[in-house]
Amino acid sequence: MTPPIVHPTVNWLAISPEIALAAAGVFIVMLRSVLRRRPIVVPLCTVVAISGVVAAGAVQYRLWHLLRGHRAMTTIAGMVRVDPFGVFLGVVVLIATVMALLLSVAYLRREGLEAPEYFALILLSAAGMLVMTTANDLIVVFLALEVLSIPLYVLAAFDRRRLSSQEAGMKYFVLGAFSSAVFLYGVALTYGATGTTSLTGIARFLANTTLLDQGTLLGGIALLLVGLGFKVAAVPFHMWTPDVYQGSPTPVTSFMSAATKAAGFAALIRIFGVAFPLYRSDWRPAVWALAVLSLVVGNVAAVIQTDVKRILAYSSIGHAGFILIGFQANTSRGREAALLYLFVYAFMTIGAFAVITIAARRGDDHHSLDDYRGLALERPVVGGLLIFFVLAQAGVPFTGGFVAKLEVFSAAAQAHEYALLIIGVLASVVGAFYYLRIALTMLSARPDDAPEPGGLLRRVDPWSGIVLVACVALVVVVGVVPGTFVHWARDATFLL
Amino acid sequence: MIGAFTITSSYYLVLAAALFGIGAVGLLVRRNVLVMFMCVELMLNAVNLTFVAFAKALNDAAGQVLVFFTLVVAAAEVAVGLAIIVAIFRRRRAATADDLRSLEG
Amino acid sequence: MTVALFFIFGALTLGAALGVVLARNPVHSALFLVLTLVSVAVLFLLQDAQLVAAVQIIVYAGAIVVLFLFVIMLLGVDRPEQRTEPLRFQRPIALGLGAIVLAEILFLAGHRWATGAKTVHGVGLTGGHFGSNIERVARVLFTDFLWPFQITAVLLVIAVVGSVVLARRSGERPDPVPQDGGIP
Amino acid sequence: MTDFPILTAIIATPLIGAVVVALLPGRRPELVRAVGYAFSVATLGLACWLLADFSTKKVFFQFVENRPWLPSIGSRYIVGVDGISLFMILATALLIPIGLLASQRYPTQRPKAFTAWFLLLEFSLMGIFLSLDLIVFFLFWEILLVPMYFLIQGWGHGRRQYAATKFFIYTAAGSSLMLASTLILGFIHQSQTGVLSFDYRVLAAWSWHGLSSTTEVLLFFGFLAAFAIKVPLVPLHTWLPDVHTEAPTAGSVVLAGVILKMGAYGLLRFSLELFPHASVDLAPLLLTLGVIGILYGAIVAAMQKNLKRIIAYSSVAHMGFVIVGVFSLTVIGLDGAVFTMLSHPLTTGALFLLVGMLYERRHTYEIAEYGGIWRSAPLLTALFLGAMFAGIGLPGFSGFIGEFLSLAGTFVSRRPWAVAGVVGVIFAAVYMLWAFQRTFMGKPTGINLKLPDVNLREVMVVAPLLALSLFLGLYPKLAIERVEPSLKRTIVNLELKTHFREKRPKGYAPTKLPDGVTASQSIQLGRGAP
Amino acid sequence: MNARDVLGLVGIVALLPLIGAAFLMAFGRRLGSPRAGWVATGLMALAFAWSVVQLAALLSLPPDARSHVSIIFTWLPADQLHVNIGFLADPLSITWCLLVTGVGTLIHLYAIGYMRDDPNTGRFFAYFNLFAASMLILVLASSYLLTFLGWEGVGLCSYLLIAFWYERSTAALGGKKAFIYNRVGDIGFLIAMFLLIAQFGTLDYGATGHAALHASGGITTAIALLLFLGCTGKSAQIPLFPWLPDAMEGPTPVSALIHAATMVTAGVFLICRAHPFFDASHSAMTVVAWIGAITALVAGTMAVLQPDIKRVLAYSTISQLGYMFLALGTGAYAAAVFFVLMHAFYKACLFLGAGSVIHGNGENQDMRVMGALRRFMPYTAGAMVVAWLAIAGAPPFDGFWAKDGVLEAAYVRHDFGIWAVGIVAAVMTALYMTRLILLTFFGNARWGTSDAPAVAAVSGGSDDDDVVASEDVEAELGYEPDYLPTVVYGEPPRTPRLHGHEPHESPMLMVLPIVTLAVLSIVGGIIDIPLRGGTHLDAWLEPVFRGAPITESFAGAAALSATALAFGAVGILVAFLFYRRGLPSPADDPLQERLGVVGDVIGHGYYYDEAISKAVDGPVRGFATFLDRDVDQRVIDGAVNGTGHLVRRAAEGLRHAQDGLVRRYAIGIALGAAALLLFFLAYAGR
């Protein structure tokens, strides 16, 4: 009687990056349980983790070449949509992941936190992010949100010796749960308003139907914006950011700042670009307000901060504002700008956090500006790199930061968002102030009785070295010859 | 008389919205982290009720399927959240949210 | 009948939810939570969601709340909470915001909430030859929602790993540096 | 030989130099210095070659190079030189080696980083003056802040952190508005013509009829924000004294010598061509600000107790002459403006160098600490006298030619402003002579009795500047005949684009282009022309 | 080589001292005294010789062809404006060349002796030569702009030479004052040039001269008056005269050359050069004439009670320059030029004589402690008596002819008021000059038996309040300086610093020029005696001033001369009445006592300078301080830093909100959600 259940076809290639990461994560957990506490387990897990990321990256590379030129793969009942947009941000996520892993190696050893679960959680979180980048259904977005967030709650609280770490985990968790409940309610309202949770389904429905009662849908859109705004740390959903960035172990912070933002914006851009393009005149002003608030609050609040990690946290709020400018434009140029920004930002922020990871003394607790006083004088290379990264974040020319900001601003100019453009450029000036403050502190002489900056730092471990070199190289190359990268970002802007 | 008065899905949806509101307010006003988690559960339940009501209204089984995902997420969140509380509690004998404010500014 | 049930259990749901929020003792809150969940399960039943109602009681009331109670007992935090709110304006703002959000949702939704297309996934709650509620749900879950279903597996792995990592005794390894000064 | 990308070479040489210096071992300061000199002198050589190859006949840009840079927004690496930029290039190329030479003994710490930043400074300045693409121009404009910031921060005096930050933020604030205006301009152009380009020549050929007058004025102010701060125009000048006071000597020399000119250069090159109507309509405002700058700078300079602050305020006054000259909107006035831009680096550069030498001896800029230096350091005094009178604008020195032409041009078009500006000529004498009197005259006491006089190196640092100033004061034709075709083109374009010619005073002869150049070519700024 | 070729090389006149200046700047210190002086003097003599050659060359041409422009190179080609470095040789410029090089050579010679012991002789002569070069460029220039170059050049040298003894604050201040007053005048010159550019598009003397004929009255008047403003600065006329008395702080040869004989006559030269504009504007002429007349009178009265020998001469110079402008204003250009030449002779003689007196009198320049010096310095005394008679207008000395010509011109033009003022001013001239001669060379000898306090406080220039005691100066320097500030009115008499020696005559090197100039004062008038066939100068200059109003010869000239003589005699008589026995004591001046308050007023120069100083020190400085402190630092910079503070304050607020409480953060999220919902409620969907 009943028709048989027809399972959806699965395009394994399309989901293999996620599978690679998740499999590596699960494999690590298995290794942990099999090998128990043997010394080999941590290096082995590191290798497995990195191999997983590399494998995922290889698949992404293949997918990129397959899909470039406005092609997309839809699979598993339309829940997964692999397109250049998703692949691009997936690559950003993977880059952030591998760099965070590399940074973690020496960090965990120094802090005595070596545990295979750490790698597993990062991989699983990254898997969630990859799911997010290719999600074509609100419920997938929601689940991906949880998959990427829950490991982050744990990772934030991973340093059991520091109460601040646990506090960060706690705060992140409470607020994350709250915001994901709000997001889920948004999903529910949208479902009710359109009868589906599929992004393309919503778009199709809205294109064919004129809603007389738009209330449920608009409420849903608003609440979706809240949930994703929380993830990308847009004001006023940003307040967790400084505390969590400061309290979390620094490599985790770097992972969070780069990868979570990429994933969050992937969902934001895809949901609003694919599902609600017809409602752009409704949500664009709202995003405009979020962008302005993020720009102003992020950059202004950072001015008087005294903790370097906190400054960078506020700056990441400001950066969210800049990316929101590109998103708000809702044009191909705007998306291109946002994508390029996320790409560059990953290197700039991970580079900065890499230096902080290296320079922090054991305990990962000394990040006040006073602890960094004289760093650039006494360790010119390490200190100089941090100066370089903060200047890049400030948007100094010949760095990727400048090109990214330029692209974002041009998107605003093209979209005739002049007020946003001017607020953006002025915010970047305010931003320059606190970036310079970091630079200034590191360049001013340390009082004789103060402890040596950089603490135990004698030699940069090779893994962190690789990360630093890669970040510097990419930021400079994007800044000087941006053509190729902009081209990639442009290829990735295609959504439907 | 009663027969003329039917309960449409809107009633359930309003009820769910109210429940969501109670959960949200509870999260804001309670200091005990465990109770805050319970409030999150209230909110998630409100969403579940919404899903089910919409499933009914739209005659769509998918709405009920979504509840399962919510359930799983709720379970996972509670597991991790309670673990965090336990971990913190081992360090400090305090379970109110207001006690954790070493990170500020 | 359904009207009466709705109002009884609707009121019970809201009342119990208020109980969760208002009870000073977390144990009481947890018990009120059970009551809420059960009431919601009844409301599920009223909406042709038999499977969901069952799962609601089994998983939520059976597992999650027990977990809550377990932790409350483990940590011994069943002391009643202070009534006074130390944060200025927290309560009025919270209540105000709650009221505003509620009003906004209700107003936004207006008369018709469910404006969406009917039976998009091809399987309705009634009609068609899809069998019982369980079958219908399963049909959708394992076809259209296969991918999310798989993701939940990862989510549960994460929950396990995460809880284990966090709840592991920190005494496993001696702390190499002195602990934080604590919070004043 | 014509294919040699000389402009790129001029931009790249200092950059390569900076990189090479950065890679040298820090323990060998003499090697670092030698490499620094080598690269800066090589740049100077290239600049001189450029001067020699520069044709006085051509009206448009010469040695143009055009390569793609950022295709997504149509920005290209376009460099070219005309009369306006030629001498800015030369001034930069000259001041950099002199700055390096002046810094040989002092500041002493970290010569390697100092040299590298200094060469980077040169790199950015060359880029600014040669770029014809607005985005690339902005790129160089903004990167300049970085080396300057680090030079002030690392080798400045007392409140250097405050000064460095103030410099960076203040000027970045202005230039951010310029960036916004640039982008808006480019995208309005795109929306009208479908072509996305930031080639200044393309935009200049379009903007005069493509923009509504309100938009044009607003965009003009956007650019003005950046330029006015750099110039600096009163009341946007207060960063300058602070920065000068704290900056190391070489930094001050380049700051006063070239960086201030960036603003005037921008007005001349970009504002007049891109926003002709706004330039004409707002000329009275700018003239007023310029005159206020002349008078205000001079009066406030007279009240300063710190030598560097005096010279800083004097720069405000001198740049007022430049602004007045530019917005006289006459060829003579523009001649004067450009000539002042060329002359001011020489005279003020010399003054800053000499004050720096005093600082090396006494470690203070406070006038009250000095007195009667003439007796112990007659040669230093003689050089200072020369530089001072060159700065005051004594005929025979280059400063006079610039001020004279600026004011003469202004007088031709707008008399009251010129008359008010002339009064500044008195004030210049007042504050400089007063400072000179208090520093060098009178009876020396204490340590001032035994100050060592300048040595050969120090003479070598200052003398070329004074000699050049004297030479240009007596033979300004060298510069003017190279500059004037470009300025004529600017004015002709202004007259063609606006109905400005009708507003000229009676008897003002319309400016003529050289033979063989058509009006349309002129408006196109020679793009596509041979 | 024909005459025009020679005239083409007129630039060499200026080039010679320029070479000297450059050479001495480089090697002057090594050369030392007196060799540096000889180099400078030699070059000046050569320049004089070359000027004479130029004169001969000009004379060899017919009168109408006596003008030659030699262009060296293009100086300033800006748009339509085209200015050359070019020299104009014509009777006017060559006259001045002869004056500058001739008198200049003599004063150079004198300076060799005067500056013999100064350690900075090389520098001195470098400036001196540079001055001569600038002055020659000024007069030889073929365009306003090049004249302006020379004009500023002489101003520079004037500054440097007044402040030559820079360690003395009065000298430094005097130099600065001179330069700044001149700059004020320069504004006029500059604007006049702008007007020329705007109107005629050229700055060339020839072209503007032609254009002036066709220009409107307003323009010519404006140009003429603006140029005249420049002249009042350079030639120390009302209102810009106060710098000249303070310029006496320079070494005496400087005062003689620059502040008496040559530089201050640049204003006269400029008006002669620009005469077409003045010819075309009657009102401008009237202004010039009246300013000149009033200056002549007022400055004459100021000189009457001055105690300092050089300051008397300085005021006298102002007064005499007033006469010249009076002449110019009445259109008597040739008379003015004649006056310039004659004045150069006797005033240079007087200054050099004064220098000699100071030199031989222990560096004392306070006439109140002189007296009866004729016995000790006979040559100086003799020469100065001659010059006195000349300046007082006694026939047949040159001053008589000069003044006569000027006053006659005023009378003929029916400017009787001006004539009358001129006559009264002549009384003053006679009075103060007679007083000077009597106090210095006659009467009682007061230099040995001073009742002045042992330590005389020497106060500085009028606008300087720091008091320098001579002993302090010595103690400070470790040696006794051979110079002291000038004596201002109201200052107690100084102690002569003869240290037991008697006053002595100066060496021959100094006496020779004095005597030469005295002789010239006697016979110089020969070049332009208003008798038939005697007006050589008028004839010589006629081609230059062609087109200017002609001064008819006048039958009553003799009567006018007699009147002037009579008035002059009155002045001399009054002076004899009061000073024939010198002073009862250095502190008592009988005339001063008789004049009472009026004496104080004129002694203080009508408090004009004091008033300006007060204004500058009070409101002007106050305004500048207000701009600096309040406007610049508080308002403008305050706004800048205020913006920073605002951002900071906002950041503090945000930091306050970020209070670490997770529930507050949740409120933030809820607030955002409520706001977004509200937005969609209120705005969206419509």
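Up top you'll find the structure we're talking about.
Sequence positions are assigned chain by chain, starting from 1 and proceeding in written order. Naming scheme: in the order in which they are written, chains are lettered from A and ligands are numbered from 1. Thresholds applied to this predicted model are a pLDDT of at least 70 for local features of residues and 80 or more for the giving and counting of side-chain atom pairs; totals over whole chains, interfaces and linings are not thresholded and use all residues. Note that water and hydrogens are dropped before the side-chain values are worked out from all heavy atoms of the structure.

Trainee: It is not clear to me how the overall build of chain C should be interpreted in this structure. Could you clarify?
Mentor: Per the convention used, a helix needs a DSSP run of H or I reaching at least four residues, while a strand needs a run of E reaching at least two, with both numbered from the N terminus. Helix and strand counts for chain C come out as 6 helices and 0 strands. Ordered by position from N to C terminus, the α and β elements of chain C give α-α-α-α-α-α. Only protein chains enter the accessibility calculation, which uses a 1.4 Å probe; a residue is then buried when its area is under 20% of its type maximum, exposed when over 50%, and partly exposed in between. Within chain C, the fraction of its 184 residues that count as buried is 46%. Across chain C, contacts joining residues at least 24 apart in sequence account for 50% of those joining residues at least 6 apart. To measure how exposed things are, a 1.4 Å probe is used in the Shrake-Rupley method; for residues, cover is taken only from the protein chains shown. Counting only carbon and sulfur atoms, one obtains 71% of the accessible surface of chain C, whose full area is about 8,800 Å². Any two residues having at least one pair of non-hydrogen atoms within 4.5 Å are treated as being in contact.

Trainee: Help me understand the overall build of chain A in this model?
Mentor: Secondary structure assignment for chain A yields 20 helices and 2 strands. Atoms counted for the radius of gyration: C-alpha only. Globule rule: 2.2 Å times the number of residues to the power 0.38. At 22 Å, chain A has a C-alpha radius of gyration in line with the 23 Å of a compact globule built from 496 residues. Counting over 496 residues, chain A shows a buried share of 75%. Residue pairs at least 24 apart in sequence account for 81% of intrachain contacts in chain A once pairs closer than 6 positions are excluded. Between the mean site of the 34 positive side-chain charges and the mean site of the 26 negative ones, chain A shows a separation of 5 Å. In this count, Lys and Arg are taken as positive residues and Asp and Glu as negative ones, while His and the chain termini are left out. Working definition for charges: the position is that of NZ of Lys, CZ of Arg, CG of Asp or CD of Glu.

Trainee: Would you mind going over the interface of chain C and chain B with me for this structure?
Mentor: On the side of chain B, 72 residues touch chain C, which itself brings 89 residues to the contact. What gets called buried area is simply the loss in accessible area from a 1.4 Å probe that two parts show on being joined, summed for both. Between chain C and chain B, a total of about 7,200 Å² is buried, with carbon and sulfur atoms accounting for 74% of that surface. For this analysis, a salt bridge means a side-chain nitrogen from Lys or Arg found within 4 Å of a carboxyl oxygen belonging to Asp or Glu. For the interface between chain C and chain B, the tally reads 1 salt bridge. Across the pair Asp 48 of chain C and Lys 56 of chain B runs a salt bridge whose closest N-O atoms are separated by 2.7 Å. Residues adjacent in sequence count toward polar contacts only when both atoms are side-chain atoms; beyond that, a polar contact is any pair of N or O atoms within 3.5 Å, and within protein one must be able to donate a hydrogen and the other to accept it. Applying the counting rule to chain C against chain B returns 15 residue pairs in polar contact (both at pLDDT 80 or more). Counting residues per element, the ones that place at least two in the side of chain C that touches chain B are α1 (2–22), α2 (26–46), α3 (50–75), α4 (90–109), α5 (133–142) and α6 (146–167) of chain C. The element that contributes the greatest number of residues to the side of chain C that touches chain B is α3 of chain C, accounting for 13 residues.

Trainee: I would appreciate a short explanation of the arrangement of the chains in the present structure.
Mentor: Among the 8 pairs of chains in contact, the pair with the most contacts is chains B and C. Chain B makes no contact with chain D; the smallest distance between any of their C-alpha atoms is 24 Å. One thing to see here is that chain C and chain D don't touch, and their nearest C-alpha atoms sit 34 Å from each other.

Trainee: I keep staring at the pairing of strand β2 (residues 81–89) of chain E and nothing clicks. Help me out?
Mentor: Taken residue by residue, a regular strand's side chains alternate between the two faces of the sheet. Most of β2 of chain E is tucked away: 8 of the 9 residues are buried. Count of turn residues in the strand β1 (residues 68–78) of chain E/β2 of chain E antiparallel hairpin: 2 residues, of which Asp 79 of chain E carries a positive phi of about 50°. Strands are labelled as partners when DSSP assigns at least two bridges between them.

Trainee: I'm lost on helix α19 (residues 456–474) of chain D in this one. Help?
Mentor: An α-helical turn contains 3.6 residues, so a residue and the one three or four places further along point in the same direction. In this model α19 of chain D runs 26 Å from its N-terminal to its C-terminal C-alpha over 19 residues, within 8% of the 27 Å that 1.5 Å per residue would give. Taken as a whole, α19 of chain D carries its principal kink of about 30° at Val 462 of chain D; the proline Pro 464 of chain D stands between one and four residues after it. Turning to α19 of chain D, its buried residues are Arg 457, Glu 458, Val 461, Val 462, Leu 465, Leu 466, Ser 469, Leu 472 and Gly 473 of chain D. Lining the buried residues of α19 of chain D we find α3 (83–102), α14 (331–362), α16 (378–392), α17 (398–413) and α20 (477–497) of chain D together with β1 of chain E. The residue sitting at the N-terminus of α19 of chain D and contributing the capping side-chain oxygen is Asn 455 of chain D; that oxygen lies 3.2 Å from the backbone nitrogen of Arg 457 of chain D. A helix's residues, less one, multiplied by 1.5 Å, set its expected span. One fitted axis covers the seven residues ending at a residue, a second covers the seven starting there, and the bend at that residue is the angle between these axes.

Trainee: What is the right way to look at unusual backbone geometry in this model?
Mentor: Note: most peptide bonds trans; most residues except glycine with negative phi. Cis geometry marks the peptide bond from Val 235 of chain A to Pro 236 of chain A, where omega comes out at 5°. If you trace the backbone, Pro 236 of chain A turns up in the loop between α8 (215–231) and α9 (240–247). Residue Val 231 of chain D is joined to Pro 232 of chain D through a cis peptide bond whose omega torsion reads -10°. Inspection of the secondary structure assignment puts Pro 232 of chain D in the loop between α9 (213–230) and α10 (239–246). A positive phi is found at Asn 330 of chain A, a non-glycine position, where the angle reads about 55°. On the secondary structure map, Asn 330 of chain A appears in the loop between α12 (308–329) and α13 (332–359). Even without being glycine, Tyr 607 of chain E reaches a positive phi, approximately 55°. Here Tyr 607 of chain E lies in the loop between α25 (597–603) and α26 (608–657). On the basis of relative accessible area, Tyr 607 of chain E is assigned to the partly exposed category, the value being 36%.

Trainee: What exactly am I supposed to notice about empty space enclosed by the protein here?
Mentor: If you roll a probe as big as a water molecule over the atoms, it shows you where there is empty space left. Here a cavity denotes grid points, spaced 1 Å and computed from the protein atoms alone, that fit a 1.4 Å probe unable to get out, and a pocket denotes an open set having protein on both sides within 12 Å along at least 5 of 7 lines; residues with an atom within 4 Å of a point are the lining. Grid points are joined across faces, edges and corners, and a volume is the space filled by probe spheres set on the points. Within the structure shown, the criterion is met by 18 cavities of 30 Å³ or more. Taken as a whole, the largest cavity encloses approximately 200 Å³ of empty space. Taken together, 17 residues line the largest cavity, and the ones lying closest to its centre are Ala 394, Gly 395 and Ser 428 of chain A together with Phe 138 and Glu 142 of chain D. For the lining of the largest cavity, the elements supplying multiple residues, two or more each, are α17 (400–414) and α18 (418–443) of chain A together with α5 (134–143) and α7 (160–193) of chain D. Just so you know the grouping, Ala, Val, Leu, Ile, Met, Phe, Trp, Tyr, Cys and Pro go in nonpolar, Asp, Glu, Lys and Arg go in charged, and all remaining residues, Gly too, go in polar. Looking at the lining of the largest cavity residue by residue, the classes come out as 12 nonpolar, 3 polar and 2 charged. Taken as a whole, the second largest cavity encloses approximately 150 Å³ of empty space. The wall of the second largest cavity is formed by 17 residues, among which Phe 178 of chain A, Phe 20 and Ala 24 of chain B, Val 101 of chain C together with Ala 670 of chain E lie closest to the centre. Listing elements by their share of the lining of the second largest cavity, those giving two or more residues are α6 (163–194) of chain A, α1 (9–29) of chain B, α4 of chain C together with α27 (662–682) of chain E. Each residue belonging to the lining of the second largest cavity can be placed in one class, and the counts come to 15 nonpolar, 2 polar and no charged.

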